[in-house]
Amino acid sequence: MMPLMPHVNGYDTPECKTLAETAKKSIRTPTSLGLDRCIQCGACTASCPAARFTDYNPRQLVKKVQENDRSVLESEMIWACFYCYSCNLRCPRNNSPVTIVQVLRQMAINEGIGLERLEYFMEIGEVLAENGASKVPGPGVRNMEKDLGEHWIGFKRNLESIRAELGLGPKDVRNTNGEVRAILEGTGYFEREKWIKGKLQEKRLHEFLNVRCEKNEDKSGEFGFETDREYPGQEAFIV
Amino acid sequence: MKLIENIPDRKLLLFKSCMVSHEYPGVESATRYVFDRLGIDYLVNDEQSCCTGIGHYTDLFEGLTTAAIAARNFAVARRCGYPNITCLCSTCYAVNKEACELLNTNDEVRDKVNSVFREQGLDDLVYEKGDMNPRTNFYHAVEILLSKADRIREEKQLDFAGTRAAAHHACHYYKVKYLDVVGNPENPQLIDTIAAACGAFPVRWYEDRTLTCGMGFSQLHLNKNTSLQVTKTKLDSLQRAGVELMLHMCPNCHIQYDRYQPVIEREFGVEYDMVHMNIAQFVALSMGADPYKVCGFQTHSVPLEGFLEKAGII
Ligand code: SF4
Ligand code: SF4
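Predicted model, so just to flag it, every value in this text is computed and none were measured.

## A word on the overall build of chain B
Then, in step 1: Per the secondary structure count, chain B includes 16 helices and 8 strands.
Then, in step 2: Computed over C-alpha atoms, the radius of gyration of chain B comes to 19 Å, within 12% of the 20 Å expected from 2.2 N^0.38 for 314 residues, which places it in the range of a compact globule.
Then, in step 3: By its C-alpha atoms, chain B is 60 × 45 × 35 Å across when sized along the principal axes.
Then, in step 4: Counting across all 314 residues of chain B, residues that qualify as buried make up 68%.
Then, in step 5: Put simply, of all contacts in chain B between residues at least 6 apart along the chain, 78% involve residues at least 24 apart.
Then, in step 6: Surface accessibility of chain B: about 9700 Å² in total, with carbon and sulfur atoms responsible for 47%.
Then, in step 7: Here chain B carries 32 positive and 40 negative side-chain charges, and the mean point of each set is 2 Å from the other.

## Quick word on the sheet that holds strand β6 (residues 201-202) of chain B
Residue and element names in this part refer to chain B.
Then, in step 1: Judged by pairing direction, the sheet is parallel, and its 4 strands sit side by side in the order β6-β5-β7-β8 without closing on themselves. Each of the sheet's edge strands pairs with one partner strand only, and the pair in question is β6 and β8 (275-278).
Then, in step 2: Alignment of strand β5 (residues 164-167) against strand β7 (residues 245-248), held across 3 bridges, turns out to be parallel. The residue of β7 that forms the bridge with Ala166 is Met246.
Then, in step 3: Contacts from helix α15 (residues 279-286) reach β7 and β8, with the element oriented near 90 degrees to β8.

## Thoughts on helix α6 (residues 97-110) of chain A
Since there are 3.6 residues in each turn of an α-helix, residues three or four apart along the chain are aligned in direction.
Then, in step 1: Taking 1.5 Å per residue as the helical rise, α6(A) with its 14 residues ought to reach 20 Å, and the 20 Å between its terminal C-alpha atoms agrees with that figure.
Then, in step 2: Following α6(A) by one or two positions, Gly112(A) has its phi on the positive side, about 85 degrees.

## A short note on the domain arrangement of chain B
It is common to report an interface's size as the accessible area lost on association of the parts.
Residue and element names in this part refer to chain B.
Then, in step 1: Domain boundaries assigned for chain B yield domain 1 (4-139) and domain 2 (149-310).
Then, in step 2: Listed as interface residues are 32 residues of domain 1 and, on the opposing side, 35 residues of domain 2.
Then, in step 3: A combined buried area of about 2800 Å² lies between domain 1 and domain 2, and 62% of that area is made up of carbon and sulfur atoms.
Then, in step 4: Remark: the boundary between domain 1 and domain 2 carries 6 salt bridges.
Then, in step 5: Arg135 is the partner of Asp180 in a salt bridge, and the nearest nitrogen-oxygen pair spans 2.8 Å.
Then, in step 6: Between the two partners, domain 1 and domain 2, sit 13 residue pairs in polar contact (both at pLDDT 80 or more).
Then, in step 7: Counting only elements with at least two residues in the side of domain 1 that touches domain 2, the list comes to α1 (18-23), α2 (25-37), α3 (53-56) and α5 (90-105).
Then, in step 8: Residues of the side of domain 1 that touches domain 2, tallied by class, amount to 18 nonpolar, 8 polar and 6 charged.

## Some points on the site of ligand 1
Then, in step 1: Taken together, 13 residues form the shell around ligand 1, and within it Cys38(A), Cys41(A), Gly42(A), Cys44(A) and Cys91(A) come nearest.
Then, in step 2: Here the shell around ligand 1 is built from residues that sort into 8 nonpolar, 3 polar and 2 charged.

## Some points on the nonpolar core
One broad trend across soluble globular proteins is that nonpolar side chains are buried collectively.
Residue and element names in this part refer to chain B.
Then, in step 1: In terms of nonpolar packing, the biggest core is built from 189 residues, with Phe74, Ile279 and Phe282 touching the most fellow members.
Then, in step 2: At 9 residues, helix α4 (residues 63-79) tops the list of elements feeding residues into this core.
Then, in step 3: Here this core spans two domains, since at least three of its residues come from each of domain 1 (4-139) and domain 2 (149-310).
Then, in step 4: Those residues in contact with Phe74, other than ones at most four positions away along the chain, are Ile85, Asn96, Ala99, Cys100, Leu103, Tyr127, Met132 and Phe138.

## Observations regarding the environment of Arg151(B)
Residue and element names in this part refer to chain B.
Then, in step 1: Looking at where Arg151 falls in the secondary structure, it is placed in helix α8 (residues 149-155).
Then, in step 2: Given the relative accessible area of 29%, Arg151 is considered partly exposed.
Then, in step 3: Once the C-alpha coordinates of Arg151 and Arg110 are considered, the two residues, 41 residues apart in sequence, prove to be 41 Å apart.
Then, in step 4: Look past the residues within four positions of Arg151 in its chain and what remains in contact with it is Arg37 and Leu38.
Then, in step 5: Only 3.4 Å separates the side chain of Arg151 from the backbone oxygen of Leu38, close enough to count as a polar contact.

## Some thoughts on the interface of chain B and chain A
Then, in step 1: Every contact between the two is made by 86 residues of chain B and, on the other side, 68 residues of chain A.
Then, in step 2: Carbon and sulfur atoms make up 61% of the area that chain B and chain A hide from each other, which totals about 6800 Å².
Then, in step 3: Viewed at the interface, chain A and chain B are joined by 6 salt bridges.
Then, in step 4: Taking the shortest distance from any N to any O, the salt bridge between Asp59(B) and Arg105(A) comes out at 2.8 Å.

## Remarks on the packing of α4(B) against helix α6 (residues 107-119) of chain B
Residue and element names in this part refer to chain B.
Then, in step 1: Two numbers describe how α4 lies on α6: the axes approach to 10 Å, and their chain directions differ by 70 degrees. Taken together, the axis directions place α4 and α6 in an arrangement best described as roughly perpendicular. α4 and α6 meet at a crossing whose hand is right-handed. Counted together, Leu64, Ala67, Ala68, Ala71 and Arg72 of α4 and Val109, Lys112, Val113 and Phe117 of α6 form the full contact between these two elements.
Then, in step 2: When its residues are assigned to classes, the contact of α4 with α6 shows 7 nonpolar, no polar and 2 charged.

## What about α6(B)?
Then, in step 1: For α6(B), which comprises 13 residues, the first-to-last C-alpha distance of 18 Å matches the rise-based estimate of 18 Å (1.5 Å per residue) to within 8%.
Then, in step 2: Restricting attention to buried positions, one finds in α6(B) the residues Val109(B), Arg110(B), Val113(B), Asn114(B), Val116(B) and Phe117(B). End-on, the buried residues of α6(B) take up no more than an arc of 155 degrees, which puts them together on one face. With respect to the buried face of α6(B), the exposed residues turned more than 90 degrees away are Glu108(B) and Glu119(B).
Then, in step 3: At its buried positions, α6(B) is contacted by α11 (179-187) of chain A together with α4 and α5 of chain B.
Then, in step 4: A side-chain oxygen of the first residue of α6(B) lies 3.1 Å from the backbone nitrogen of Glu108(B); this N-cap is Asn106(B).
Then, in step 5: Two residues or fewer past α6(B), Gly121(B) is found with a positive phi of approximately 70 degrees.

## Thoughts on the confidence of the model for chain A
Then, in step 1: Averaged over every residue, the pLDDT of chain A is 88; the share at 70 or more is 86%.
Then, in step 2: Note that residues 1-5 of chain A has pLDDT below 50 and, in this model, 3 contacts with residues that lie over four places away or in other chains.

How each quantity is defined
Residues numbered from 1 in each chain as written. Chains lettered and ligands numbered in written order. Predicted model: local features only at pLDDT ≥ 70, side-chain atom pairs only at ≥ 80, totals over all residues. Heavy atoms only, no water. Helix = DSSP H or I, 4+ residues; strand = E, 2+ residues; numbered from the N terminus. Rg over C-alpha atoms; globule rule 2.2 N^0.38 Å. Buried < 20%, exposed > 50% of the residue type's maximum accessible area, 1.4 Å probe, protein only. Contact = heavy atoms within 4.5 Å. Areas by Shrake-Rupley, 256 points an atom, 1.4 Å probe, with all protein chains shown as cover. Lys, Arg positive; Asp, Glu negative; His and termini not counted. Charge placed at Lys NZ, Arg CZ, Asp CG, Glu CD. Pairing = 2+ DSSP bridges. Axes fitted to C-alpha atoms, helices over the stretch in contact; angles between N-to-C directions. Expected span 1.5 Å × (residues − 1). Domains from an automatic or database assignment. Buried area = accessible area lost by both parts, 1.4 Å probe. Salt bridge = Lys/Arg side-chain N within 4 Å of Asp/Glu carboxyl O. Polar contact = N/O pair within 3.5 Å; in protein donor to acceptor, adjacent residues only side chain to side chain. Nonpolar A, V, L, I, M, F, W, Y, C, P; charged D, E, K, R; others polar. Near = heavy atom within 4 Å. Core = buried A, V, L, I, M, F, W, Y, C linked by side-chain atoms within 4.5 Å. Parallel < 35°, antiparallel > 145°, perpendicular 65-115°, else oblique. Left-handed = near helix turned anticlockwise from the far one by under 90°. Arc of directions from axis to C-beta. pLDDT = per-residue confidence, 0-100.

The structure is reproduced here in C-alpha cells:
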C-alpha cells in the first residue's frame, strides 16, 4: 500500500526492485558507487570503529544488500554506523558502505523504524527554520548537562557576553529573511516531521493500549480513550 | 589531490558553523584574527545559514532539503562576490562540496530544487549547472592556514619549541571527498605542518591516528558508551605517545575530546595529560593573541591554564 503521507525522501530512497538498485540510484550514494564491484575483502570492517566495538559489520551489510535481504532494514545493525566514512576512504573497489547505510536508514524510517531516534533530534528543523542555524537539540542538551555539569552550564549562561567579548554577535541567529523556512516548507520537510510525529503517536497509543489491556484483562470499561490523559506525550523540548 | 599552490587567499566566504558558534566561538574569532594578520581577503555573511549537517547525518533531513539549503548558501556566496566557501567545520565542508556536485550532475534534483525556489518566490536563489565548482570553490580554513605556513613562521611571536602536539584531522575533511585532500588522505599532515610552523614538535604518527573521534552524530547521544569507548581508544594512544596538546579542525571532534575527556576520566577511571584546541587558536596564540579575548579558551572544558603558564602566556 502506498503511504498516505509523502516521505519527502524520494531521492534518498528511489523505489526499485532491489535494495542494490535503490542504493545505486539514491542521491545519498556517489554515482560511481562500486556496490557490484565489492570483493568482500573486509577492508571496510577492518577500518570500522563500529565493528571494533560492536557486532556491526559493514562487509556483511554490503553482502546482505547484494542478496536483497530486506531483513537488514529491521536490524539494529544499521543504526550502529558513525558516518565516519573510513570505509568510504579505504574500500579498494570504490564502494561506500557508509552511504549505503544512510539509504537503508531512510528506507527503515519509511517503514516506521527508528523514529524514536529521529524524535531526539527533531527540534533541529524548527530551530534551523527560525534562526538559520542549528543547535544541539533539547534532549541532547539535557544529557550534556548531566555529563558536563556546572562548568558547561555556567559558560552556556554567559555565552552572549563571551561572544561579545570575542567581537562576535551576541547570538548565532542568521539573517535569512524567512528563506530557510520557505525552503523547508517547499521541499516538504515539515510534512515529513508531521508524518514522523503522527506515526510515533500512533505507535505509542498502540503500545499504551496493549499495556492497559493486559493489566485490565478482567475489568470492564477501562479500554476507552479516557485513559489518554495518562499518555505522557512527547518529552518537552528545552529551547 | 588538491595542490597547495592552488589554495586561494581571496574572495573567501568564511562559512559560519553552528557548533563553533555555540560551543567554541573562539575558533571563529581566532580564525578571523589570523586571517586579518595574514591579509587574507574574506567575508563573514550573516545571510548564510547552517549547512543542515547535524540534521542530515542524524537522518532527520533528507537529501533534497540539504541540497536546497546548500543551493541557497551558494547564491548568498555568489551574490556578495565571495564564492570561495571556507569552512570551520569539516561537516559543513563535506556537505557543501557534495551538494555542489549533486546540483551540477543530477538534472532532476537541480530542477526540483529550482522549482521549490520558484514556488516559494525565491527566484534569485535559482542554481544553474556549473554556478559553483565542487573542486575549486570549497575549502576548509585549515587549508588556507597551511598555504600560509611560511608567513605564520615569520609572524610568530611566541615559540612553542618542544611542545609535543598531535593532530586529529577530521573524518569529513579527508574521508568523504578523499580525492580532493591536500596531501595523502591515508596520512594527512596539514595540522602537523602548521603546528611545526608555530614551533611545536608534531607527533606525526601515533596508533589509531585515523580513528574517528567517536561523536558519530547520533552515536554520542544514543549510544554514548560505544561513542566514548572510541574516543578513549584515541586518548589512550595519545597518552602513550606523550602528547601534551591535541589540535583539532572541527568543532564536533573538539566537543568530543575536550568536553568528554573529563567524562571519560570519571567513567572509565583513567587520567589524561593533554589539552585541546583548534589549530587556528594555536596559530593565533603563536602570533600573540589573547587567550581569552581572541581564542575564547574560557568556553573549553579541559582547563588550558597549565599549558598557557608553561608557555609563558599567562
Ligand atoms: S572494503 Fe569495499 S570491496 Fe572490501 S568488503 Fe568492504 S565494501 Fe567490499
Ligand atoms: S562510516 Fe560507518 S561503516 Fe564506515 S567505517 Fe565508519 S562506522 Fe564503519
